[in-house]
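Fold and contact review
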Amino acid sequence: MNSGRKRSDRTSSIFQEKRSHFPFPQPTTPMKPNPLIKTTVFLLLTGTVTTITQPSKAQDVYIDNNCRYNPNLEQIDRFTVFYGRKFTTNNQTYWLYASRYQDGAVLFCVSRPDFVQPQPIQAEEINAQFIEKIEQNGNNSPSFDIQVRMGNGGRSPLLDYRLDLSNPDRPTVTPLSPD
């Protein structure tokens, strides 16, 4: 596993693409304000502009415990997707995505693109565990290396597994020997 990757690399563009399909209000053509009014408003708001304009945060993607996408879930019912990659097997495209519950445990899911036919991956070695790292083994590969932290703490032991989704209906998880 490559430990040099940044955490920001974990979020996949597949979910950014998904968010772009949602019905957001379309921008309208702005009115051209009078320059005197514009200057006056600017001078009045100069002290508060920095507190109002904060960098926008990407919208989180939420799923339920059956891996179904739902942006309107209450906090108690939702898992937040933190990792997603597409892969190809048998000339079909799928998504692997991992989401974190509020206690830190992770739910692994596989679906067709756009969350079609989602299903949890039934593998106790990786599901409901604390996941340290997930890496795809090549572009569009159905094989993923997953590092599990055996406990909730920095000194907990780490175990490495390989998740093979060559048959997404029957995923296999095998332990990797330590280096």
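Residues numbered from 1 in each chain as written. Predicted model: local features only at pLDDT ≥ 70, side-chain atom pairs only at ≥ 80, totals over all residues. Heavy atoms only, no water.

**Observations regarding the sheet that holds strand β1 (residues 62-63)**
How we decide: The pairing criterion is simple: DSSP has to find at least two bridges between the two strands. Numbering goes from the N terminus for both helices and strands, where a helix is a DSSP run of H or I of at least four residues and a strand is a run of E of at least two.
Read across the open sheet, the five strands follow the order β1-β2-β3-β4-β5; overall the sheet is antiparallel. The strands lining the two open edges of the sheet, one partner per strand, are β1 and β5 (116-120).

**What to know about the packing of aromatic side chains**
Let me state the cut-off plainly: Two aromatic rings, drawn from Phe, Tyr or Trp (for Trp, its six-membered ring), form a pair once their centres lie within 6.5 Å of each other, and the interplanar angle then sorts them: stacked below 30 degrees, edge-to-face above 60, tilted otherwise. The buried label goes to any residue with under 20% of its type's maximum accessible area, the exposed label to any with over 50%, and the partly exposed label to all in between, with areas taken from a 1.4 Å probe on protein chains only. Criterion for a charge above a ring: Lys NZ or Arg CZ within 6 Å of the ring centre, and within 35 degrees of the ring normal.
One pass over the structure, following the stated rule, counts six aromatic pairs. Ring plane angle 25° and centroid distance 5.2 Å describe the contact between Y69 and F115, whose orientation is recorded as stacked. Taken as a pair, Y69 in the loop between β1 and β2 (79-89) and F115 in the loop between β4 (106-112) and β5 lie far apart in primary sequence, 46 residues in all. Aromatic side chains F87 and Y94 sit 5.6 Å apart centroid to centroid with 20° between the ring planes, which places their arrangement in the stacked category. Taken individually, F87 and Y94 each receive the classification buried, so the pair is uniform in this respect. Put simply, the rings of Y69, W95, Y97 and F115 pair up and form one aromatic cluster. Looking at R78, its charged tip hangs above the ring of Y62, at a distance of 4.1 Å from the centre.

**Looking at the state of the cysteines**
Stated precisely, the cut-off is as follows: Any cysteine sulfur atom paired with another within 2.5 Å is treated as part of a disulfide.
Overall, the coordinates contain one disulfide when judged by the stated rule. The disulfide partner of C67 is C109, and the gap between their sulfur atoms is 2.0 Å. When the S-S torsion is -75°, as for the bridge of C67 with C109, the disulfide is left-handed. In this pair, C67 sits in the loop between β1 and β2 while C109 sits in strand β4, placing the two residues 42 residues apart along the sequence. Residue C67 shares its accessibility class with C109, and that shared class is buried.

**Structural notes on unusual backbone geometry**
As a rule of thumb, non-glycine residues mostly have phi less than zero, and peptide bonds are mostly trans rather than cis. Residue C67 is not a glycine yet carries a positive backbone phi of 70°. Overall, the relative accessible area of 0% leaves C67 in the buried class. Positive phi, normally seen in glycine, also occurs at D114, with a value near 65°. With respect to the element layout, D114 can be found in the loop between β4 and β5.

**Examining the pattern of salt bridges**
So the rule is basically this: Take a side-chain nitrogen of Lys or Arg and a carboxyl oxygen of Asp or Glu: if they are within 4 Å of each other, that pair is a salt bridge.
One pass over the structure, following the stated rule, counts three salt bridges. The closest approach of N and O atoms between D64 and R68, which form a salt bridge, is 2.9 Å. Classification of D64 by relative accessible area gives buried; the value is 12%. Close ionic contact of R162 with D145 constitutes a salt bridge, the shortest N to O distance being 2.8 Å. Taken together, the positions of R162 in strand β8 (residues 158-164) and D145 in strand β7 (residues 143-149) put the pair 17 residues apart, joining distant regions of the chain. Note on R162: relative accessible area 30%, which makes it partly exposed.

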